[in-house]
Amino acid sequence: MSNTSKTTKDITFEDFKTEVLNDYTIAVTSRECSLLGRREVLTGKAKFGIFGDGKEVPQLAMAKAFKNGDFRSGYYRDQTFMMAIGALNIQQFFAGLYGHTDITEEPMSAGRQMGGHFATHSLNEDGSWKNLTQQKNSSADISPTAGQMPRLLGLAQASKIYREVKGIDTEKFSVNGDEIAWGTIGNASTSEGLFFETINAAGVLQVPMVMNVWDDEYGISVHAKHQTTKENISEILKGFQRDENNDGYEIFRVKGWDYPNLVDVYQRAAIVARKEHCPVLIHVNELTQPQGHSTSGSHERYKSKERLAWEIEYDCMSKMRQWMIENNIFTDEEAKVIENDIKKQVRKGKQAAWAAFVKPQKDEQTEAVSALRTAAINSSNKAFIEKSANELEAIKEPIRKEILVATRKALRYLTAESSEGKTALINWIAAYKAKIQPKYSANLYSESNLRADNISAEAPQYADDAEMVDARLIMRDNFDAIFTKYPESLIFGEDAGHIGDVNQGLEGMQEKYGELRVSDTGIREATILGQGIGMAMRGLRPIAEIQYLDYILYSLQIMSDDLATLQYRTNGKQKAPVIIRTRGHRLEGIWHSGSQMGGLIHLLRGIHLLVPRNMTKAAGFYNTLLEGDEPAVVVECLNGYRLKEKMPANLGEFKTPIGVVETIKEGADITLVSYGSTLRIVEETAKELAQVGIDAEVIDIQSLLPFDINHDIVKSVQKTNRLLVIDEDVPGGASAYILQEIVEKQNAYKFLDSKPQTLAAKEHRPAYGTDGDYFSKPSAEDIFEKVYDMMNEANPNKYPSLF
Ligand SMILES: Cc1ncc(C[n+]2csc(CCOP(=O)(O)OP(=O)(O)O)c2C)c(N)n1
Ligand SMILES: [Mg+2]
C-alpha cells in the first residue's frame, strides 16, 4: 500500500479517481487501526496506545509529495503517512502495539518503543548503509515533544552539503541534494524552545526543510490559549516569510480536512523546498482528535460539548468522504462497501499480529515446562516444582517474564540436590537468557566491524627533527589532514569558521575548505548537535563543536534522548556517527572550568566519552572515530592548547585506541588513576612523592565510555595493592563510576591492602579568583597528602604522619 503521486498534469478522471480512492483506502485503514488499537489497549492485550486518528488527510497529501531519498522527522501521530509511503502495514502496526521484539515483525523498533514511534531501516544487517536515495526514509521518533526538531535541521542541511560541496561520494545518500527533510509536530509542542531554535536556524541556513504543524488546538488537555501567542503559530511566525530582499520561509496555512487544497499546497511546498532549498512552514489547522490524546484519558473531561460536536462535523475523514461523494468519486453505498472490507482486513491483520506475537513464547513455554518436569523427577521437592510447571503450562498466552520467573524460582527447590535434570534446567535457563536478553539489550553501541573499539591503534610517528610546537597546531594540522582525507567530513560551531575556533585549532581551515565545511553557527547548542545528528544519519561525517564543556548542558537533552538512544531504539537499523568536539576542565570561573563528567557518563550511555590528556591524544581520537561508525564526545583540555607537544609526521593517520588506558609512569606502591587536565597534576605530584620514597604508578583512563576494556587497571592494583582515583568532578561523580568499574567489575577488591579511595573536587563549581581552582579542585598538595596518608596508614614507621 502506498500513494506515490503521478504528475497531476494531463491526468484522466479515471486516473484521478483511482488515486483518490487509493488515498481514501489508506486513510480508512489507518483510522480502523486507531479504533481497533484503542480497543486492544482497553481489553489489556496492549499496554498503551497513541494513535493518528484525526490527522489522516494531511498525511496523505504529505506522502504524495514525499520522494525517494527524502527524510521524515516527526512524532507519534504519523501512522497514516507511514502507511501511505508503504513503510507500515496493518500487521506491523499491531506488532508495534504489542511490543513484538522481532525486528522483522515490528520494523519500527523491535518492541523497544511504544507504538506510534516510527522509523525506516537505513542499515543492512552488517551495519553498512543501504542506498537511501532509493527508499523513503524516516528517522526514528522519540517521545520528548519537539525532540525531533534539532535532527530535522541536520537532515535538511545534508541536502545542501551534498548539492554544494564537491568531491563527496553521494551515491547512497543524495541525488544533487534534491531531498527534502519533512518535519511534523503537534501544535502544542511548538511551545518548546527546540522548535523555535530550529525554525530560526533553518531560516538562517536556508535548507530544504518542510515543517508541518498538525494543529488540533490542544496538547493533551491544555488549550492553545495557554500554548501559543495569538493561538496561532503561523500568525506569529509571519516575520519569517521571505520577501524580495530577504531569505526566509515560505509559509502556508491550510485546513486539515480540505483534501484537494492540501494536495495542492504540499505539491507547491515541495517544489520550493526541493528546487530552491528554501525552508517551508505548513500550518495545518482545524484538525481533530476523535479518540482523545491517548488511551490513558478521555477528552470528554476537557473539551466542551460544542468543541466535541465540531470535531465530529469536521473530522477530516468524514469531510474527505463527503467531498468524494460530491465529486462523483463514489456513492455512499460504494463507500460503505470499501469501509466494510477494510474493517475486515484490519481485524485479520490484528489477529495475525497477535498470533505471531504469541507463537514464539508458546514454544518457549513448552520447552520451559518440559525442563521443569525433568528437573522435578528425582527431586525431594518434586511436588513444588511440578506445581510451578503446571502453573506455567496453564498460562494461555505467556510472556517471557513468566517463563523466567517460573524456571528461576524452581532452582531454589534444588539447591541441596544434584541431578541431571537440575543441570539441564540450569543450562536451559542460561541458554534462554542468552537468547532472549539481546532482544532487549542489543545494539546500544554499534555491533558492526566498524565499532570504535575494533579500530586498531596507530602510534604517532615523529621525524628526527620534529619540532615542539603549540599543541593547537597539532590539532589544526590534523584537522587539515582529516578534511583532505574525508571529503564528507565537516565541522561547525560557534566561532569555528572565520576565526578558526576560540583556540585556533581550526586556523585557516575555512579559507582552505570553504564556508560549508568549516562554518560558524549561531549560539544554539541543541541545534548544533541536531545538525550533527541529522547529517550523520545521511552519511556525512559531521564534527559538531560545542564551544565549552560547560555549555554542553544545552545540547545534553538531545544528546541523551536522541543520539544516545538511536542505535538502541532502532535495534541497530539507524546510526549517526557524529563527533562532538568540546573543550573543558580547568580554566577559570564557574562556567569555564566545569567537569560534569559524572552527569555525562550517566546520561550518555550509547555514546563514547573520550577525555584525552593532550592534543596529540585528542587528534588521534578523531582519526580513530572517523574510521568507525559510532558517535562520541571528545573533551579537549582547555588549558592545553598553548602547551608544547611534538608535531607528529603521520597526521590524519595516527590513532588513539578507544577504551584503552595508558600507564604513564610505572610504580610499585600505589596506583593513581585519573584523566584529562588533572592528569598533569597527578604526574607532577608523582615526582614529589618519589622524593619521599613513594613509588606511584600513574594511569591515564583516556576513555570513560567505554572504560578500560582490557582490564589493565586491576593488573596495576594487583601489583601495588593500593588505589586512588583522582577526579575534578564533584564527589561521587565520575570518580564513583570509575571506582565501581575497577573495584567491582575488575574485582580489584581482592588485591587491596588499603581502602580504595577517591579524591574529587569540592561540591560547588569552581570559584573564579586566581586561587579559585586551588580551593575548588584537587591540587598537587591534596593529592600528595592523600597518598601520603594512605602510605602512613600502611607503614607509619616508614611514613611518619605529616600532621
Ligand atoms: C518533553 C515532553 N513533555 C511532556 C510530554 C508529555 N506529552 C506527550 S504528548 C503531549 C502533548 C502534545 O501535544 P501536541 O504537540 O499538540 O500534539 P498532539 O498530541 O495534540 O497531536 C505531552 C504534554 C512529552 N512527551 N515530552
Ligand atoms: Mg495538539
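Let me sum up the structure you'll find in this document. Being a predicted model, the structure only gives us computed values, none of them experimental. Each residue is numbered by its place in its chain's sequence as written, counting from 1. Here every chain gets a letter starting at A, and every ligand a number starting at 1, in the order they are written. Side-chain atom pairs in this predicted model are given and counted only at pLDDT of 80 or more, local residue features only at pLDDT of at least 70, and totals for whole chains, interfaces and linings cover all residues. Here the side-chain values reflect all heavy atoms present in the structure, with hydrogen atoms and water set aside.

1. Here's the deal with the sheet that holds strand E17 (residues 662-665)
- Here we have five strands laid out as an open sheet, ordered E17-E19-E18-E21-E22, and mixed in their pairing. Looking along the sheet, the strands with just one partner apiece sit at the ends: E17 and strand E22 (757-759). Ignoring which end each strand starts from, the neighbouring axes of this sheet average 25° apart.
- Of the pairings in the sheet, the one linking strand E18 (residues 670-674) to strand E21 (residues 723-726) comprises three bridges and is parallel in character. Looking at the pairing, Thr-671 lines up with Leu-723 of E21.
- Along the sheet face, helix H22 (residues 676-691) touches E17, E18, strand E19 (696-700) and E21 and points at about 170° away from the line of E19. A strand pair is defined by DSSP finding two or more bridges across the two strands. A run of H or I in DSSP counts as a helix once it spans at least four residues, and a run of E counts as a strand once it spans at least two, with each numbered from the N terminus. Here an axis means a line fitted to C-alpha atoms, over the contact stretch when the element is a helix, while the angle between two N-to-C directions is reported on a 0 to 180 degree scale. The contact rule is simple, with two residues in contact once any of their heavy atoms fall within 4.5 Å.

2. Re the coordination of the magnesium ion (ligand 2)
- Taken together, Asn-187 (OD1), Asp-216 (OD) and Tyr-218 (O) make up the protein donors of the magnesium ion (ligand 2), found 2.0 to 2.1 Å from the metal.
- Any N, O or S atom lying within 2.8 Å of the metal counts as a donor, and for Na, K and Ca the limit rises to 3.2 Å; water is left out, so some sites can look incomplete. Mapped onto the sequence, the donors of the magnesium ion (ligand 2) take the spacing N-x28-D-x1-Y. Here Asn-187, found in the loop between strand E3 (181-186) and helix H6 (193-205), pairs with Tyr-218, found in strand E5 (residues 218-219); they are 31 residues apart in sequence, far enough to count as distant.
- The exposure class of Tyr-218 is buried, given its relative accessible area of 9%. Only protein chains enter the accessibility calculation, which uses a 1.4 Å probe; a residue whose area is less than 20% of its type maximum is buried, one above 50% is exposed, and one in between is partly exposed.

3. Description of the environment of Ile-607
- One can find Ile-607 in the loop between helix H20 (597-603) and strand E14 (608-610).
- Taking the C-alpha atoms as reference points, Ile-607 and Trp-323, separated by 284 residues in sequence, lie 51 Å from one another.
- Look past the residues within four positions of Ile-607 in its chain and what remains in contact with it is Tyr-445, Met-559, Leu-563, Ala-564, Pro-631, Ala-632, Val-633 and Leu-705.

4. Notes on the site of ligand 1
- Neighbouring residues are identified by heavy atoms, a residue being near a molecule or strand if any of them is within 4 Å of it. Taken together, 18 residues lie around ligand 1, and Tyr-75, Tyr-76, Arg-77, Ser-189 and Tyr-218 are the ones closest in.
- In the model, an oxygen atom of ligand 1 is placed 3.4 Å from a nitrogen or oxygen of the Gly-186 main chain.
- Between N or O atoms, a polar contact is any pair within 3.5 Å; within protein, one atom must be a potential hydrogen donor and the other a potential acceptor, and residues adjacent in sequence are included only when both atoms are from side chains. Ser-189 has a polar side-chain atom sitting 2.6 Å from an oxygen atom of ligand 1.
- The Shrake-Rupley method, run with a 1.4 Å probe sphere, supplies the accessible areas, and residue values consider only the shown protein chains as cover. Protein coverage of the free-state accessible area of ligand 1, which is 580 Å², stands at 71%.

5. Thoughts on the nonpolar core
- By nonpolar core is meant a set of buried Ala, Val, Leu, Ile, Met, Phe, Trp, Tyr and Cys residues that side-chain atoms within 4.5 Å join together. Membership of the largest hydrophobic core comes to 87 residues, with the highest contact counts inside it found for Met-597 and Ile-738.
- A per-element tally of this core places helix H5 (residues 149-164) first, with eight residues.
- Other than its neighbours up to four places away in sequence, Met-597 contacts Leu-549, His-585, Leu-609, Val-611, Val-635, Tyr-675, Leu-704, Asp-729 and Ala-734.
- Counting 70 residues, the second-largest nonpolar core is a separate cluster that includes Tyr-24, Cys-33, Phe-51 and Leu-262.

That is the geometry; function is a separate question.
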